[in-house]
Amino acid sequence: RDWAFSPPPYKAGDWRKKIAEDTHKELGGTLLVRLLGKDYLGGILTRNDAMLVDTGLHKTLVLYTYMAPGPNTLFSIGFSSIGFAVPGAIGASLSKPGARVVAI
């Protein structure tokens, strides 16, 4: 059957790791990549917390390197304005009292 689906020769985790390494190598961002890793934000944020990411190069680094523990990461995508993360973080902190809210 020519139309049958064959799984890719790699696993999603391998692909994500390669994309993260390539993104880091091409775009830089050593400090942000370390901040998003398991030792810092990647290790302390939970499903109840929120992260809002503004428009810019750092959005690409977050997209490819941060493993969110749940549906708690909001990106400024499309025709959004620069500066979305700060008022968005204020709104998130008001809607989720007690949650940790991070604006990047």
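Coordinates for the structure precede this section.
Residues numbered from 1 in each chain as written. Predicted model: local features only at pLDDT ≥ 70, side-chain atom pairs only at ≥ 80, totals over all residues. Heavy atoms only, no water.

Asker: Give a detailed account of the pairing of strand β1 (residues 50-53), specifying residues and quantitative values.
Answerer: The alternating pattern of β1 places A50 and L52 on one face and M51 and V53 on the opposite face, and all of these are buried. In this sheet, strand β3 (residues 101-103) lies alongside β1 in parallel orientation, the contact comprising 3 bridges. For A50, the partnering residue across the bridge sits in β3 and is V101. (Buried < 20%, exposed > 50% of the residue type's maximum accessible area, 1.4 Å probe, protein only. Helix = DSSP H or I, 4+ residues; strand = E, 2+ residues; numbered from the N terminus. Pairing = 2+ DSSP bridges.)

Asker: Mind laying out the pattern of salt bridges, listing which residues take part and the relevant values?
Answerer: Per the stated rule, a full pass over the model turns up 1 salt bridge. Between D49 and R100 there is a salt bridge, and its shortest N-O distance comes to 3.0 Å. Of this pair, D49 sits in the loop between α3 (41-44) and β1 while R100 sits in the loop between α5 (85-95) and β3, and the two are 51 residues apart along the sequence. (Salt bridge = Lys/Arg side-chain N within 4 Å of Asp/Glu carboxyl O.)

Asker: Give a description of the nonpolar core that names residues and reports values.
Answerer: Among the nonpolar cores identified, the biggest contains 11 residues, and these are L32, L36, L41, L45, M51, V53, L61, V62, Y66, V102 and I104. For this core, the secondary structure elements donating two or more residues are α2 (30-36), β1 and α4 (57-65). Leave out the neighbours within four places in its chain, and L36 touches L41, G42, M51, L61, V62, T65, Y66 and I104. With 5 residues, the next largest nonpolar core counts A50, A85, A89 and A92 among its residues. (Core = buried A, V, L, I, M, F, W, Y, C linked by side-chain atoms within 4.5 Å. Contact = heavy atoms within 4.5 Å.)

Asker: Run through α4, naming residues and quoting values.
Answerer: Regarding α4, the residues found buried are K59, L61, V62 and T65. Down the axis, α4 shows its buried residues gathered within 160° of arc, on one side only. (Arc of directions from axis to C-beta.)

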